[in-house]
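Observations on chain architecture
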Amino acid sequence: MGGCETCHMGDPTASDKSAAHKGLVPRPSRNPDAVCAACHEKEVANAKTSLHFTVRGDENYLKLVSGQRWADVQPVFAQACQTCHASCGDCHVSKAKSARGGLMDGHTFSKRPPMEEACGTCHGGRVFPEYTGKNEGFPPDIHWQKAKMDCVACHPATQLHGDGTAYPNRHAVKTKPSCLGCHPNAKAAGSPIEQHAVHGDKINCVVCHSTVYRGCENCHLGAGAKSSLQFKIGKTAYVGSPYEYTLLRHTPTVRTMLDPKVKDALPNYDAVPTWKDAVPHNIQRKTARTASCNNCHGNARIFLKPGDLNPAESAANSKVVVPNVPGRR
Amino acid sequence: MLRRFSPMLLILVVVLSAFAVPAHAAEPQDSINAFLSQLPPDFETVAGKTLLAKLNAGENVFVVDVREPDEFKAGHIEGAVNVPLRTLAKGLNQFPKDKAAPIAVVCKSGIRAAYGTMALKMLGYSSVKDVAGGMLAWEKDGLAITK
């Protein structure tokens, strides 16, 4: 291993700054084959196909809703979305741009970086605060509250780096964590827990076992972007989900979100709901919904109903609403 | 007779006063100190956004609006029950039977609700919160009201 120039290039023999910095690469792991792969060949090969590195989930969404306009949208995606993707160095030595960048601990590489610095900066808008109990009035996720399980306890490196498969989105990842993976006795079929047996596999675990989570309005790029705590039960928006009902969160996608860059860029906007399957990181064993059947049955306010939809948004939202709230027990 | 006993009576009063006066003076101070020192970090308040999120997640929070009926009719939190502050102690038949059930007390700015919160605590309700800033803050935050 040589000096700085091994990864960052430049000319260490130069006598002045401008000459020394000629050809400098500030973030070398953006091209991991050139630097990291020399020692970490397998990890780099997998990481290059991972969702963290490619942001393929967002790319696939934009490809779908932009249709024939993808060629115009692709540069915007590359500039606005893809520059946020995580390369090796973004997790193992430096902090995200959203955390004002910089190094985590000098230039020390960390095999297992602290979750506040590595995960909490990019996922600090929704997931990290709810997991660690920063949503006022609501407890942390029980896995953090009681067991202090850090992010990699459920999302090990093999998953964060990817397994070499180019998954279309995070829901499709085979190695994603599942409740039943650690709690096999919670399986609905033959469960001694009456509510599990009654609801079967129709209802995602999070419907009963999570507290509130954050949803977003309007686009990150546009004006009026805001977020709020939400809780809405609806029909799953993810084709291939094993469940019929799950929690939905509002995503920050509006019809005109790319207009400042590309006018009328999303001709297929109505094909995808803006209410999407939420993966709340705020699990509790006991919630209002585990306390009483009638905290869900007959309680219209916790379901996503047709009247809750913004008519200016995607027509596909009508597929995920619950028109008829189940009656009281 | 009275004249004969009056010195003894005077001594008795002085002796009793010696014990009674300090004890009598210390008691409310100690009680108030105990009360104030045990106030929770949130000062028994709940933010409107937090309350709404709890209601939207199916939590059975009993919302009592202690404003006057005409204020209540002008706009209130969905599902709130109107029991004006001065009638609070007489309106307990409308409250949950379980005194540990969560209760949120709301008024216009939070002042009347603070009195209401204290009154309900004194009446044995253990999970009572004052909606911080009242309906003024609720509406400023853009939260929904019902008429």
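Within chain B one finds five helices and five strands. Going residue by residue from the N terminus, the α and β elements of chain B occur as α-β-α-β-α-β-β-α-β-α. Expressed as a percentage of its 147 residues, the buried residues of chain B come to 27%.

Broken down by element type, chain A carries 16 helices and five strands. Taking 20 Å as the expected radius of gyration for a compact globule of 329 residues, we find that chain A reaches 22 Å, a close match to that expectation. Seen along its three principal axes, the alpha-carbon backbone of chain A occupies a region of about 80 × 50 × 35 Å. The contacts of chain A with a sequence gap of at least 6 include a subset with a gap of at least 24, amounting to 61%.

In this section: the nonpolar core. Among the nonpolar cores identified, the biggest contains 45 residues, and V105, V106 and V131 of chain B are the most heavily contacted of them. Looking at this core, the elements that each hand over two or more residues are α15 (205–209) and β4 (245–250) of chain A together with α2 (48–56), β4 (103–106), α4 (111–122), β5 (128–131) and α5 (134–140) of chain B. If we skip the residues at most four places from it in the chain, V131 of chain B touches V46, G48, L51, A104, V105, V106, G110, A113 and W138 of chain B. The next biggest cluster of nonpolar side chains, apart from the first, holds 13 residues, and it includes C36, A47, A86 and C122 of chain A.

Before going further, it helps to spend a moment on α4 of chain B. Residues and elements named next belong to chain B. The terminal C-alpha atoms of α4 lie 17 Å apart, and with 12 residues this matches the ideal 16 Å at 1.5 Å per residue to within 8%. Buried-residue contacts for α4 involve β4, β5 and α5. G124 sits one or two residues past α4 and shows a positive phi near 105°.

Next up on the list: the environment of W70 of chain A. With respect to the helices and strands, the residue W70 of chain A is situated in helix α6 (residues 70–81). Classification of W70 of chain A by C-beta neighbours within 10 Å gives partly exposed; the count is 15.

Now for the sheet that holds strand β2 (residues 62–65) of chain B. All names here are of chain B. Pairing is parallel across the open sheet formed by five strands, whose spatial order is β1-β5-β4-β2-β3. With partners counted over all chains shown, the strands left at the sheet margins are β1 (45–46) and β3 (81–82), one partner each. Packed on one face of the sheet, α4 meets β4 and β5 and runs near 175° to β5.

Note: interface size is frequently given as the accessible area lost on complex formation between the parts. Taken residue by residue, the interface counts 12 residues in chain B and 13 residues in chain A. Per-element accounting of the side of chain B that touches chain A gives the leading share, six residues, to α2 of chain B. Of the residues that constitute the side of chain B that touches chain A, the class distribution is five nonpolar, four polar and three charged.

Residue and element names in this part refer to chain A. Taken in spatial order, the three strands make up an open sheet running β3-β4-β5, and their pairing is antiparallel. One side of each edge strand has no neighbouring strand; the edge strands of this open sheet are β3 (232–235) and β5 (275–277). With direction set aside, neighbouring strand axes in the sheet form an average angle of 55°.

This next bit is on α2 of chain B. Of all nine residues in α2 of chain B, seven are buried; the element is thus mostly enclosed. Looking at the packing, one finds that the buried side of α2 of chain B touches β2 (226–230) of chain A together with β1, β4, β5 and α5 of chain B. At the C-terminal side of α2 of chain B, G58 of chain B shows a positive phi close to 90°.

Looking now at the packing of helix α5 (residues 56–66) of chain A against α6 of chain A. All names here are of chain A. At a minimum axis separation of 10 Å, α5 and α6 run at an interaxial angle of 155°. With respect to each other, α5 and α6 are oriented roughly antiparallel. In this structure, the crossing between α5 and α6 has a hand that is right-handed. From α5, D58, E59, L62, K63 and S66 reach across to α6, where they touch W70, V73, F77 and C81. Residues belonging to the contact of α5 with α6 are distributed by class as follows: five nonpolar, one polar and three charged.

In this section: the domain arrangement of chain A. Residue and element names in this part refer to chain A. When the domains of chain A are assigned, the result is domain 1 (51–164) and domain 2 (184–329). The straight-line distance from the C-alpha centre of domain 1 to that of domain 2 is 22 Å. The interface of domain 1 with domain 2 comprises 21 residues on the first partner and 22 residues on the second. At the level of secondary structure, the elements contributing two or more residues to the side of domain 1 that touches domain 2 comprise α5, α6, α9 (127–131) and α10 (142–145). Class assignment of the residues belonging to the side of domain 1 that touches domain 2 gives a composition of 11 nonpolar, five polar and five charged.

Now for the confidence of the model for chain B. Residues and elements named next belong to chain B. Here chain B averages 87 in pLDDT, while 82% of its residues score no lower than 70. When the criterion is pLDDT under 50, residues 1–5 qualifies, and its contacts beyond four places in sequence or with other chains add up to zero contacts. Predicted confidence for residues 8–23 stays below pLDDT 50, and this span has zero contacts to residues more than four positions away or in other chains. In the model output, the complex is listed with pTM 0.84 alongside ipTM 0.77.

This part is about unusual backbone geometry. Of all residues except glycine, most have a negative phi; of all peptide bonds, most are trans. All names here are of chain A. Positioned with a positive phi, D264 is a non-glycine residue whose angle comes to about 45°. With respect to the helices, strands and loops of the structure, D264 is situated in the loop between β4 and β5. Look at D264 and you get partly exposed, because 13 C-beta atoms sit within 10 Å.

Residue and element names in this part refer to chain B. Residues V128 and D130 of β5 are buried on one face, and the alternating residues K129 and V131, pointing to the opposite face, are buried as well. Here β1 pairs with β5 via two bridges, running parallel. The residue bridging V46 from the neighbouring strand is V131, located in β5. For β4 and β5, the ladder comprises three bridges, and the chain directions are parallel. Each residue of the ladder has a partner; that of I103, found in β5, is V128. Tracing the backbone out of β4, into α4 and back to the parallel element β5 gives a crossover that is right-handed.

This part covers the environment of D105 of chain A. Looking at the element boundaries, D105 of chain A is found in the loop between α7 (88–92) and α8 (115–122). Once the C-alpha coordinates of D105 of chain A and C208 of chain A are considered, the two residues, 103 residues apart in sequence, prove to be 40 Å apart.

Analysis parameters
Residues numbered from 1 in each chain as written. Chains lettered and ligands numbered in written order. Predicted model: local features only at pLDDT ≥ 70, side-chain atom pairs only at ≥ 80, totals over all residues. Helix = DSSP H or I, 4+ residues; strand = E, 2+ residues; numbered from the N terminus. Buried ≥ 20, exposed ≤ 12 C-beta atoms within 10 Å, placed from the backbone. Rg over C-alpha atoms; globule rule 2.2 N^0.38 Å. Contact = placed C-beta atoms within 7 Å. Core = buried A, V, L, I, M, F, W, Y, C linked by C-beta atoms within 7 Å. Expected span 1.5 Å × (residues − 1). Pairing = 2+ DSSP bridges. Axes fitted to C-alpha atoms, helices over the stretch in contact; angles between N-to-C directions. Nonpolar A, V, L, I, M, F, W, Y, C, P; charged D, E, K, R; others polar. Parallel < 35°, antiparallel > 145°, perpendicular 65-115°, else oblique. Left-handed = near helix turned anticlockwise from the far one by under 90°. Domains from an automatic or database assignment. pLDDT = per-residue confidence, 0-100. Right-handed = clockwise from strand over helix to strand, strands pointing away.

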